[in-house]
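Commentary on secondary and tertiary structure
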Amino acid sequence: MELMGDERLDYLLGENLKIIQSPSVFSFSLDAVLLANFVSVPMKRGSLVDLCSGNGVIPLFLSLRTKGTILGVEIQERLYNMANRSIAYNQLEERIQMIHGDIKEIPPVIGYEKYDVVTCNPPYFQTDSIQERNLNEHYAIARHEILCTLEDTIRIASQLAKQGGKVAFVHRPGRLLDIVTLMRLYRIEPKRVQFVYPKEGKDANILLIEGIKDGKPDLKILPPLFVYNTKNEYTEEMSYILNGNK
C-alpha cells in the first residue's frame, strides 16, 4: 500500500485496525469513535450504511462490532480513495464497500428501505459566509453544510432504513430540536439520546441520538458521558471506548 503526500497510517482502537489519515485532508475526531460505539448494531448479520464517511473511519470501527456488510458513502474523491486503501490494508473488502457519490443521489443506486442501520456524522455548521468557512476545501466540506444539509442527511437516512431499522447521528447539542423535528418529519422516531461532556461542570459539546424508522414514541435519555476526569485524564468509560473494549 502506497501513502500519498502527507498521509500517515494510524492505529484504531489499540492495534486492531489501521487507517490512512492526512492532516491537510482529513483526520477523524472523537465524534466518529463515539457514534460507532453508541449505535445499536446487529452482531451476526445485517446491512449497514454510513453516510458522509470521510476516510472510512466509522465503517472500520463498525466492523469490530458486527459481522454484517457495511457501505460507506463519501463525495470527496480523495477521502474515498483513502478509505478504500484503508479497507484493503485491513483486508476487509468482503465486508466493507465504499461508494463515491453524493448522498442525495444514493438511494436509487443502493436501494430504498433495505438497511438495518444507517449512521451519519454530518457537517455540523450552518455557515453562509465564505469567510467563516474553513479555508481548506476538504475540511470545509466535512464541517459546513456546503454539499448537504442536516435535513438532507436525515431525509436520505430515512429513505435507506427499513421499517424498524436504526438511524443514528452525532451532532452538536445546539441542534437537538432541529434534529428531533426533522427525524419525526421523516418517520424516524427518536429513541435514545446521550450527551457527551468534556468533563464534569462543563456544558455538553457532543450529542448522540438514535431513532427507529416508524417506531413508537418512547425516548430514553442515557446517563451523561464524560471524556476527562478532574486530573485531565480519560474517564474509565472513555478509556474502554477508545481501547476497543466496549
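Look up a bit, the structure's there.
The following paragraphs examine the structure supplied in this document. (Residues numbered from 1 in each chain as written. Predicted model: local features only at pLDDT ≥ 70, side-chain atom pairs only at ≥ 80, totals over all residues. Heavy atoms only, no water.)

**Remarks on the pattern of salt bridges**
Put simply, the rule is: Criterion for a salt bridge: a side-chain nitrogen of Lys or Arg within 4 Å of a carboxyl oxygen of Asp or Glu. Only protein chains enter the accessibility calculation, which uses a 1.4 Å probe. A residue is then buried if its area is under 20% of the maximum for its type, exposed if over 50%, and partly exposed in between.
This structure, assessed with the given rule, holds 13 salt bridges. In this structure, the salt-bridge partner of Arg184 is Glu189, at a minimum N-O distance of 2.7 Å. For Glu189, a relative accessible area of 10% translates into the label buried. Ionic contacts of the salt-bridge type, sharing partners, join the residues Glu113, Arg187, Lys213 and Asp214 into one network.

**A word on the environment of Leu242**
Basically, it comes down to this: The helix and strand labels rest on DSSP assignments: H or I over at least four residues marks a helix, E over at least two residues marks a strand, and numbering proceeds from the N terminus.
Counting through the fold element by element, Leu242 comes out in helix H8 (residues 236-242). Separated by 208 residues in the primary sequence, Leu242 and Leu34 place their C-alpha atoms 8.8 Å from one another.

**A short note on a nonpolar patch on the surface**
Heads up, the rule is: Exposure above 30% relative accessible area and no salt bridge define the residues that can form patches, which grow by joining like charges within 9 Å and nonpolar side chains of Val, Leu, Ile, Met, Phe, Trp and Tyr within 5 Å. Reported accessibility uses the Shrake-Rupley method at a 1.4 Å probe radius. Residues are deemed covered only where the shown protein chains occlude them.
A surface patch of nonpolar side chains, amounting to about 290 Å² of accessible area, comprises Met1, Leu3 and Tyr89. Accessibility expressed as a relative area gives 38% for Tyr89, which makes it partly exposed.

**Side note on the packing of aromatic side chains**
Short version of the rule: Under the pairing criterion, centres of Phe, Tyr and Trp rings, with the six-membered ring standing for Trp, must be within 6.5 Å; the plane angle then separates stacked pairs below 30 degrees from edge-to-face pairs above 60, leaving the rest tilted.
Scanning the model with the defined rule gives 3 aromatic pairs in all. Between Tyr197 and Phe226, the ring centres sit 5.4 Å apart and the planes meet at 35 degrees, which makes this aromatic pair tilted. Of this pair, Tyr197 sits in strand S8 (residues 188-197) while Phe226 sits in strand S11 (residues 225-226); the two residues are 29 residues apart in sequence, bridging distant segments of the chain. When its relative accessible area of 23% is taken as the criterion, Phe226 is described as partly exposed. Geometrically, the ring pair formed by Tyr228 and Tyr234 is stacked, given 5.1 Å between the ring centres and 15 degrees between the ring planes. Given the relative accessible area of 33%, Tyr228 is considered partly exposed. Residue Tyr234 is classed as partly exposed on the basis of its relative accessible area, which comes to 39%.

**Describing the nonpolar core**
Across soluble globular proteins, nonpolar side chains have a tendency to be buried as a group. Cut-off, in case you're wondering: We call a set of buried residues a nonpolar core when its members are Ala, Val, Leu, Ile, Met, Phe, Trp, Tyr or Cys and they connect through side-chain atoms within 4.5 Å of each other. Contacts between residues were defined by any pair of non-hydrogen atoms, one from each residue, lying within 4.5 Å.
Leu34, Leu60 and Leu62 are the most contacted members of the largest nonpolar core, which has 35 residues in total. Within the residue set of this core, elements represented by two or more residues are strand S2 (17-21), helix H1 (30-38), helix H2 (57-62), helix H3 (77-89), strand S5 (96-100), strand S7 (161-171), strand S9 (206-213) and H8. The element that contributes the greatest number of residues to this core is H1, accounting for 6 residues. Setting aside chain neighbours within four positions, we find Leu62 in contact with Ala36, Val39, Val41, Leu48, Ile70 and Thr119. Residues Ile99, Ile103, Leu160 and Leu182 belong to the second largest nonpolar core, which totals 29 residues.

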